Amino acid sequence: MDLYSLTLTDIAKKIKDKEVSIKEVLDSVYSRIEEVEPKVDAYITLTQSQAYERAEKLQQKLDNNEDIGILGGVPIAIKDNICTKGVKTTCASRMLENYTPIYDATVIKKLEDAGAIVIGKTNMDEFAMGSSTETSYIKKTKNPWDLTRVPGGSSGGSAAVVSSDMAFAALGSDTGGSIRQPASYCSVVGLKPTYGLISRFGLIAFASSLDQIGPFTKTVEDAALMLNVISGHDKMDTTSANLEKVDYLKAIVNDVKGKVIGIPTDFITDGINKDVREAYDKAIDTLKNVGAKIQEIKLEYAKYSLATYYIIATAEASSNLGRYDGIRYGYRAKDFEDLDDLYYKSRTEGFGAEVKRRIMLGTYVLSSGYYDAYYKRAQQVRTLIIENFKEAFKLCDSILIPTAPNTAFKFGEKSENPLEMYLEDIYTVPVNIAGLPAISIPGGFDSENMPIGIQFIANSFEEEKLLNIAYTFEQNTDYYKNKPNI
Amino acid sequence: MSVSKEEVKHIAVLSKLQLTDQELEKYTSDLSNIVDFANELSNVDVDGTKPTAHILDIKNVFRKDEVQPSYDREEILKNAPSKDAGCVSVPKVVE
C-alpha cells in the first residue's frame, strides 16, 4: 500500500514509530500530486521547499527522541483563504492574487505546533462565494470521481485533495456549507464545528457571523484528531469561545445504543434527488440496526433558511469586502484618473462576477428603505430558526439530514443561474444560521457512482456526541472505504 | 422586475463597482430573481421576535490597553501596490 493512501491517524503513528521517515512521506505525497494534480487542478500553490526544510528539522528532533507533536511530520493542505506567513493567500481572486500574509492564522500556528507540515494551498470559489469552485479566478478544480463534474464548493480544492490522496487532511471554511457540500460530492469527511470553537483569526472574512474553519479528512477518527489540534480559545478572535479543552478522540466509540436521532420530516420534502433520498432512508435503517432510536422532529422555519442566509451572508460580505480598495494591499488598477476612480477600477477589475453580485445584493438589503424589509426581517427569522433547533434538541441527540439535495453536477450546469446554484445549499445553511456543529460523511453512491453525503447535526459545542454518532455510522458502513479511480 | 435598472446603478455606485450595459442587464435580472426568492420571508410572522445579529451570547470583549510589538513596517509595505518613503502611496487626495 502506498503511503499517501493511509489515514492521518495511521501515517502519524508510522512516523512516530519510525517505520517511515518524514521525507519518505513527503516524497510519497508530492509524487502522488505530480501524478494526479494535472487532472484534478486542486492546488493553487505548492510549498515543497518550505515543507522539506521543515521535514528535516522535525526528523532531527524525532531522531533525538524529542516529541514532535501529535501530527508530527504529517502533510496537510490549507484552503487558500487561510493566511500562511510567507506563502501567497489568494482567496482565488485577482484581488489577492499577489498577496503574501506576514502572519499565520491561529489554526496554522496550532497545526504547526502539533508538528504538521503545510504542503500547499487549495483552490476555492473566489472569496468562498460559490458551491462548485467554478468562481475561482485561478483554475477549475475537477471532481476526482468524474473529471467532467465539479468538486462542490466553496472548499472544492480541499475536498478534492483529500479525496484523491494528495493530502492526509485539509482545512476548509464553511459559511453556508462550504466544507460539508464538497465533502459530500467527493466522498470524504467534512466537519463544520460550532461557531466559536475554532479561532477565525487569519481566515479572510466572508460573513463573520457565519464563517467557521473546519477539517476535511478520510475518516471520522481523523476529524476528531484534527479538532483536538485546531480548537480552543484565542485572544486574537473575540468571538472564540473560552471553554475547557476536550479530547475528542474519546468520542470515537462504536456505540449509539439508546441515542436518539431526529428526522425533520417537514424539511426533507421535494427537490431531492431520488438516489440521495434512498441513501438517506438507508442511513436511517443503518442507525436503527445499531440500536439508535429514530424520532420524528419538526423544523418549521428551516425552509426559510436559504432566503435568510443569502440576505445575512451578502450583507456581511458587502461590509467585509469594503476593505478592498486598492490602497494598502491587493490589486490596484493600472490606469486611473483620481482616488475615486482608483477605487472603482481596482474593485471592478479585481472582483469576479459572483463576488460583485453578492456585494451588490448585500448593499441592496442594507440600503435605506430595504433594511427593515430584508436585513432586519432575516435576522428575526434567524431567531426563529435557532429556536426551532433548540426545541428539536430537547427531543433528540442529533439530527440526520442529507448534506446536499443532489450529487456533483457537470461544469457549467448551474453557473448561469445563481439561484439554482444557491439551492444546493438548502440542507447546509440552517446549521450556519444557528451556529451549530455538523458533519458530512460518505453515505452512498448514486446510479452513476457519484458520492452521496449524509449529515449529522448536533447542539452547540456537542461535537463529542456528533463524532460518536458519525463514527458509529461510518464503522457500520463501507462507503468511506471506496476511493476514486484516478 | 422587482429590482429596477436604476436601483442596480445606484447600488453599483454605493459598492464602488462599474457595470457595462450588458452587466447591468444581467445583474438587474439576477438580483430581481434573488430578491423575489427572498420575499418569501414576508410570509413569516416575525412580530415581537428579536433579531439575532450574532449567535453567541457575548458582549464587548475588552483587553488591557497595553503597548505590544506589532508588525514590521517594511514587511507590511511589501504588500502595498505602491509605496514611497516608508509609506503607502496614493493619488493626490486634496486639490
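Residues numbered from 1 in each chain as written. Chains lettered and ligands numbered in written order. Predicted model: local features only at pLDDT ≥ 70, side-chain atom pairs only at ≥ 80, totals over all residues.

## A word on the overall build of chain B
Heads up, the rule is: To qualify as a helix, a DSSP run of H or I must reach at least 4 residues; to qualify as a strand, a run of E must reach at least 2; elements of each kind are numbered from the N terminus. Each radius of gyration reported is based on C-alpha atoms, and the globular scaling rule is 2.2 Å times the count of residues to the power 0.38. Exposure is read from a count of other C-beta atoms within 10 Å of each residue's own; the residue is exposed at 12 or fewer, buried at 20 or more and partly exposed in between. C-beta atoms are placed from the backbone.
Across its full length, chain B carries 3 helices and 2 strands. Reading the helices (α) and strands (β) of chain B from amino to carboxyl end gives α-α-α-β-β. Taking 95 residues into account, the globule formula puts the C-alpha radius of gyration at 12 Å, and chain B, at 23 Å, lies well above it. Here the C-alpha coordinates of chain B stretch approximately 55 × 45 × 25 Å along the principal axes. Residue burial in chain B is summarised as follows: out of 95 residues, 19% are buried.

## Considerations on the packing of helix H11 (residues 353-366) of chain A against helix H1 (residues 5-14) of chain B
Test applied: Geometry is summarised by axes, namely lines fitted to C-alpha atoms with helices restricted to the contacting stretch, and by angles between N-to-C directions that run from 0 to 180 degrees. For classification purposes, an angle smaller than 35 degrees is called roughly parallel, one larger than 145 roughly antiparallel, one from 65 to 115 roughly perpendicular, and anything else oblique. Distance between backbone-placed C-beta atoms decides contact: two residues are in contact if it is within 7 Å. By the convention adopted, Pro, Cys, Tyr, Trp, Phe, Met, Ile, Leu, Val and Ala count as nonpolar, Lys, Arg, Asp and Glu as charged, and the other residues, Gly among them, as polar.
It is at 9 Å that the axes of H11 of chain A and H1 of chain B come closest, and there the two elements cross at 100°. The angle between H11 of chain A and H1 of chain B places the two elements in the roughly perpendicular class. Facing H11 of chain A, whose interface residues are Met360, Thr363 and Tyr364 of chain A, H1 of chain B presents Val8, Ile11, Ala12 and Leu14 of chain B. When the residues that make up the contact of H11 of chain A with H1 of chain B are grouped by side-chain class, the tally is 6 nonpolar, 1 polar and no charged.

## Re unusual backbone geometry
Residues and elements named next belong to chain A. Of note, the amide linkage connecting Gly153 to Ser154 takes the cis form, showing an omega dihedral of 10°. Within the secondary structure, Ser154 is located in the loop between strand S3 (117-122) and helix H5 (156-163). The phi angle at Cys91 is positive, at roughly 55°, despite the residue not being glycine. In this fold, Cys91 is placed in the loop between strand S2 (75-79) and helix H4 (106-113). Among the residues examined, Cys91 registers 29 C-beta atoms within 10 Å and is labelled buried. In this model, Ala92 sits at a positive phi of 50°, which is unusual for a non-glycine residue. Residue classification places Ala92 among the buried residues on the basis of 33 C-beta atoms within 10 Å.

## Thoughts on the nonpolar core
All names here are of chain A. For the record, the criterion: Here, a nonpolar core means buried Ala, Val, Leu, Ile, Met, Phe, Trp, Tyr and Cys residues linked by C-beta atoms lying within 7 Å of one another.
Counting residues in hydrophobic clusters, the biggest one holds 173 residues, and the most contacted among them are Val74, Ile76, Ala167, Ala170, Ile311, Leu467 and Ala470. For this core, the element with the most residues is helix H9 (residues 305-320), which contributes 9 residues. For Val74, the contacting residues outside a window of four places in its chain are Leu8, Ile11, Ala12, Ile15, Ala116, Ile117 and Phe168.

## Some details on the sheet that holds strand S9 (residues 398-402) of chain A
Residues and elements named next belong to chain A. Filter applied, for reference: A strand pair is defined by DSSP finding two or more bridges across the two strands.
One open sheet holds the 11 strands; their spatial order is S1-S3-S2-S4-S6-S5-S10-S11-S9-S7-S8, and the pairing between them is mixed. Two strands bound the open sheet, and with one partner strand each, they are strand S1 (43-46) and strand S8 (293-297). Within the sheet, the average angular offset between the axes of one strand and its neighbour, ignoring direction, is 30°. Alignment of strand S7 (residues 260-264) against S8, held across 5 bridges, turns out to be parallel. When the bridges of S8 are listed, Ile263 appears paired with Glu296. Its contacts with the sheet place helix H15 (residues 463-475) against S9, strand S10 (438-445) and strand S11 (451-457), and it is angled at close to 10° to S10.

## A word on the interface of chain A and chain B
Facing 52 residues of chain A, the contacting portion of chain B comprises 43 residues. Only H9, helix H10 (339-350), H11, helix H12 (371-395) and helix H13 (418-422) of chain A provide two or more residues apiece to the side of chain A that touches chain B. Tallying contributions element by element places H12 of chain A first for the side of chain A that touches chain B, with 11 residues. A per-class count over the side of chain A that touches chain B returns 27 nonpolar, 15 polar and 10 charged.

## A short note on the environment of Ile198 of chain A
Here Ile198 of chain A is to be found in the loop between strand S5 (189-192) and strand S6 (213-217). Every residue in contact with Ile198 of chain A, bar those within four places of it in the chain, is listed here: Val107, Pro193, Gln212, Ile213, Gly214, Ile230 and Ser231 of chain A.

## Focus: H5 of chain A
All names here are of chain A. The element H5 is largely enclosed, with a buried count of 8 among its 8 residues. For H5, the set of buried residues is Gly156, Gly157, Ser158, Ala159, Ala160, Val161, Val162 and Ser163. Positioned one or two residues after H5, Asp165 has a phi angle of 60°, which is positive.

## What about the confidence of the model for chain B?
All names here are of chain B. Test applied: One number per residue, pLDDT, summarises how confident the predictor is, and it ranges from 0 to 100.
When pLDDT is averaged along chain B, the result is 93, and 100% of the positions lie at 70 or above. Model confidence for chain B, summarised as mean pLDDT per element, is weakest for strand S1 (residues 83-84) at 94 and strongest for H1 at 97. Across the interfaces of the predicted complex, the ipTM metric reaches 0.96, alongside a pTM of 0.97.

## Here's the deal with H12 of chain A
The line we're drawing: Under the convention used throughout, the expected extent of a helix is 1.5 Å for every residue step, that is, one less than its residue count. In this scheme, the bend at a residue equals the angle between the axes fitted to the seven residues that finish there and the seven that begin there.
When the terminal C-alpha atoms of H12 of chain A are compared, their 36 Å separation across 25 residues agrees well with the 36 Å that a helix rising 1.5 Å per residue should span. Roughly 30° is the biggest bend found in H12 of chain A, and it falls at Arg377 of chain A. All of the buried residues along H12 of chain A are Tyr374, Tyr375, Arg377, Ala378, Gln379, Gln380, Val381, Arg382, Ile385, Asn388, Phe389 and Phe393 of chain A. Summarising the contacts, the buried residues of H12 of chain A are in contact with H9, H11 and helix H14 (429-434) of chain A together with helix H2 (21-38) of chain B.

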